[in-house]
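# Report on the structure
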Amino acid sequence: MRKTIWIAAILMLFGMLPSVHAENEEEEEFTKIPAQEIVNPTKSWAIKMSGNIEPSTFTNDHVYVMDESGERLTSSVQYDEGTKEGMVHAPDVGYEEGIQYSLVITDQVETTTGVPLPQGVKMNFKLVEDKVLPSDKSIHEYSKKEMEEWINKDADLIRLSKYPVSSDFYDNLAEANASELKLDMPAFDNYYIDGVTPVSEHRFEPLVKYMDTYYNRDYRTIDDQWIDGIKFMYRTSQEYNGKAYDAGNGELLEMFDQMVQDTKDDKLIMDSIFVTDLSMAFQEQVNGVGNKKIRGTQYIRYTSGQNVPSGLEMGKWYKRDIDVVLWSPSFRRADWMEFIPAWILEEIDPITFYEEVNEQDRNDTSTIDVGSVEATDAHSLTKGQLLKTIDKQADLEILKNIPVQYEELDNDLNKSNDWLIDEHGYEFIHSRYFENVIDYMDLYYNRDYRTIGNQYKKDISFFYKHRTNYRGPEYGYFRSDGYKDSLKDLFDQIVQDTKEEKRISESLFITDMSLVYRSDIPYKQKIVRGMQYIRYTSGTNLPEGVELNKWYKRAVDVKLGRMTTMQRIVEKAITWDTADAWYGGIYPVSTYKDVSGVDDESEGKVEYDRYISK
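The structure reproduced in this document is the subject of the present report. (Residues numbered from 1 in each chain as written. Predicted model: local features only at pLDDT ≥ 70, side-chain atom pairs only at ≥ 80, totals over all residues. Heavy atoms only, no water.)

## Some thoughts on the overall build of the protein chain
For the record, the criterion: Under the scheme used here, helices are H or I runs from DSSP no shorter than 4 residues and strands are E runs no shorter than 2 residues, and both carry numbers assigned from the N terminus. Only protein chains enter the calculation, and the probe is 1.4 Å; a residue is then buried if its accessible area is under 20% of its type maximum, exposed if over 50%, and partly exposed in between. Here, two residues are considered to be in contact whenever any of their heavy atoms come within 4.5 Å of each other. Per-residue accessibility takes into account occlusion by the displayed protein chains alone, with areas from the Shrake-Rupley method and a 1.4 Å probe.
A tally of regular secondary structure across the protein chain gives 14 helices and 27 strands. Taken over 614 residues, the protein chain has a buried fraction of 48%. Across the protein chain, contacts joining residues at least 24 apart in sequence account for 70% of those joining residues at least 6 apart. For the protein chain, the accessible surface area stands at approximately 31,100 Å², while carbon and sulfur atoms represent 47% of it.

Structure (structure tokens):
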């Protein structure tokens, strides 16, 4: 399932430099990320993806930096096995000002399950003069605004993501976060489970506001407005500076007043910055006990005051990594608030102690999130993305080597195909049979209960003009021919079943003209063999062994027929436009196989069932 960039193959074959035309075509192989400007000549880039990456594919062959002339630089790449991020470091000599560089991630980067990027990624960047931060100041003299400019948020988030989480279910923060935001829980029955909004509105945004207000205080200006900025985070009894405040007796208001008074008495002036984002929200779960947390890096500086944390000096910036623990008490009301978040502050768990910030600490790394073209497991791929990963040639070879039922031609598909083309001609077989199978498989297996209706009935009727079986009952030309239901009833039934089962299915059918053949069992019939890929994202009554939201593949034979002289007697019953060759049934050649496992070493080759005609 590997895609090949044909331009590269041509260049290697002829030893040519790419022409302008070739360069333009090669650009089409990449998703372009907006260009960036950098100020650090030794800047590193972090490549963030959603799935665990196969380390052997995250190399300089597939991830690299090149200059504006197209020459690759001697930058180094690094990927820690079991993570979802890789690093691209600057060359030893650094980047030069004014030159346009390109960071390239090709579609040869794969997940540990063998799924490549659906498309390569390319981002241009250029080194420019740093005009934002003053060069004549110590970092401790930076204002809060200047410090915010200096902080490398991406580097902090990468570091934070690598701290372990205590969980009986998840191995790392990324997995715990995906579960908390319900990113790993797809829509079901057309109902989208939104985990991001409640976490954002009731945990993340209130906490960020609280951290900004509580840790940015100035005894000269603090007043009741400051209280309004923090009280939403309190609605139960609290202890502050050794004294208990009973929420039931309204004592929390006294606590807020005491906080203001202490700030004034201690003459506190403090600046603080809390670095975090939604990817830092998670739940720890140990022995059935869970804590909701938001992880982040806190930068803080005291320029005035007493009773400051131990070890901190006035006028210096410090930082520490922390987990903020939140909880949701059953008591939701607070007399002073009409609306308060469901989750409030419980405590702060320090991950690291305060350490002094210095200029050398700044690990200048920015994260490139490849977003919609990130490497992921096969089941998460869209239909279009899956098509790009399919090795069609490999599928065709597998299908050709499966025996057919034609003893006169040694049950050999290739011999049967040759005979059929010689007998009827390529164009006849292609237009009368092959194209009809392609269109039918696309229409019948790509269904959505939310949109299916009369137009679908009209479209599907094109392929029916002979009695056929559907889920048990047999449908005839019209009701008076001995069958209970007519073909028109069949079309109604297909639509009705799709709606009642709330079916949403996506399918691809891989085949070509070399797979059209003639079989002699149970009678002479023309068949198109192919590899079907299918995924159900909603619905009931699924095929045996098939689960929702997973891509499967199976080999099938699709039979088509044409009217005989006797059958034309009933042709008057068919009042709609039809194809020359009608649909005659699908013969399963193999069982459904999970596409994420068919290439796995434990399963190896796909083991096909014995051919069954029914």
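Next comes the rest of the write-up.
## A word on the packing of helix α11 (residues 413–424) against helix α12 (residues 426–445)
So the rule is basically this: Here the axes come from fitting lines to C-alpha atoms, over the contacting stretch only for helices, and the angles between their N-to-C directions go from 0 to 180 degrees. Each angle gets one of four labels, with under 35 degrees taken as roughly parallel, over 145 as roughly antiparallel, 65 to 115 as roughly perpendicular, and the rest as oblique. Each residue receives one of three labels: charged for Asp, Glu, Lys and Arg, nonpolar for Ala, Val, Leu, Ile, Met, Phe, Trp, Tyr, Cys and Pro, and polar for the others, Gly being one of them.
Following both chains from N to C, one finds α11 and α12 inclined at 100°, their axes separated by 6 Å at the closest point. It follows that α11 is roughly perpendicular to α12 by the angle criterion. Within the contact between the two elements, α11 uses Leu420, Ile421 and His424 and α12 uses Tyr426, Phe428 and Ile429. Residue classes in the contact of α11 with α12 are distributed as five nonpolar, one polar and no charged.

## Description of the pattern of salt bridges
Opposite charge on two side chains lets them pair, provided their charged atoms get close. Note the threshold: We define a salt bridge as a contact between a side-chain nitrogen of Lys or Arg and a carboxyl oxygen of Asp or Glu at a distance within 4 Å.
What the rule picks out here adds up to 23 salt bridges. With a shortest N-O distance of 2.9 Å, Glu284 and Lys293 are connected by a salt bridge. Across the pair, Lys293 and Glu284 agree in class, each one buried. With a closest N to O distance of 2.7 Å, Arg295 and Asp323 form a salt bridge.

## So, the pairing of strand β24 (residues 525–538)
Convention followed: Any two strands are treated as partners once DSSP identifies two or more bridges connecting them.
Burial analysis of β24 places 14 of its 14 residues in the buried class, the great majority of the element. Of the pairings in the sheet, the one linking strand β22 (residues 504–510) to β24 comprises seven bridges and is antiparallel in character. The residue of β24 that forms the bridge with Ser505 is Tyr536.

## A look at the side chain of Asp395
Convention followed: Side-chain atoms alone can form a polar contact between residues adjacent in sequence; in general such a contact is a pair of N or O atoms within 3.5 Å, and within protein one must be able to donate a hydrogen while the other accepts it.
Within the secondary structure layout, Asp395 lies in helix α10 (residues 392–400). Take Asp395: its relative accessible area is 4%, and that puts it in the buried class. Of the polar contacts made by the side chain of Asp395, one reaches the side chain of Lys553; its length is 3.2 Å. Not counting the four nearest positions on each side in its chain, Asp395 is found in contact with Ile390, Ile510, Met531, Tyr533 and Lys553.

## Describing the environment of Tyr163
Along the chain, Tyr163 falls in the loop between α4 (153–161) and α5 (173–180). Linking Tyr163 and Arg295, residues 132 residues apart in sequence, is a C-alpha distance of 9.8 Å. Among the polar contacts made by the side chain of Tyr163, one reaches the side chain of Asp321 at a distance of 2.6 Å.

## Brief notes about the sheet that holds strand β6 (residues 100–105)
Backbone hydrogen bonds hold the strands of a sheet together, and the pairing may be parallel or antiparallel. Strand order in the open sheet made by the four strands is β1-β7-β6-β3, with mixed pairing throughout. Looking along the sheet, the strands with just one partner apiece sit at the ends: β1 (30–38) and β3 (63–66). Strand-to-strand twist of the sheet, defined as the mean angle between neighbouring strand axes without regard to direction, takes the value 20°. Alignment of β6 against strand β7 (residues 120–127), held across six bridges, turns out to be antiparallel. In the strand pairing of β7, Leu103 is matched with Met123.

## As for helix α8 (residues 252–265)
Let me state the cut-off plainly: A helix is expected to reach a length of 1.5 Å times the quantity of its residues less one. What the arc describes is the spread of directions from the helix axis to the C-beta atoms.
The end-to-end C-alpha distance of α8 is 20 Å, a good match for the 20 Å that 14 residues give at a rise of 1.5 Å each. Considered for burial, the residues of α8 that qualify are Leu252, Met255, Phe256, Met259, Val260, Asp262 and Thr263. Mapping the buried residues of α8 onto a view down its axis gives an arc of 160°, with all of them on the same face. Summarising the contacts, the buried residues of α8 are in contact with α6 (196–214), β8 (217–218), α7 (224–230), β9 (238–240) and β10 (243–245). Positive backbone phi, at 50°, marks Lys267, one or two positions downstream of α8.

## Remarks on the packing of aromatic side chains
Selection rule: Here is the rule: rings of Phe, Tyr and Trp (six-membered ring for Trp) pair when centre to centre is within 6.5 Å. Planes less than 30 degrees apart are stacked, more than 60 are edge-to-face, and the remainder are tilted. Here, a charge over a ring means that NZ of Lys or CZ of Arg falls within 6 Å of the ring centre while also lying within 35 degrees of the ring normal.
Scanning the entire structure with this criterion turns up 17 aromatic pairs. Following the ring pairs from residue to residue traces out a cluster consisting of Tyr440, Tyr444, Tyr445, Phe462, Phe463, Tyr464 and Phe491. For Arg217, the ring lying beneath its charged end belongs to Tyr214, and the centroid distance is 4.5 Å.

## Remarks on a negative patch on the surface
Condition: In this analysis, a patch consists of residues with relative accessible area above 30% that form no salt bridge, clustered at 9 Å for like charges and at 5 Å for the nonpolar side chains Val, Leu, Ile, Met, Phe, Trp and Tyr. Residues scored as charged are limited to Lys and Arg (positive) and Asp and Glu (negative), so that His and the chain ends carry no count. Every charge is mapped onto a representative atom, which is NZ of Lys, CZ of Arg, CG of Asp or CD of Glu.
On the surface, Asp223, Asp224, Glu254 and Asp257 cluster together to form a negatively charged patch. Here Asp224 is to be found in helix α7. With a relative accessible area of 55%, Asp224 lands in the exposed category.

Remember, this is a structural readout, not a statement about activity or role.
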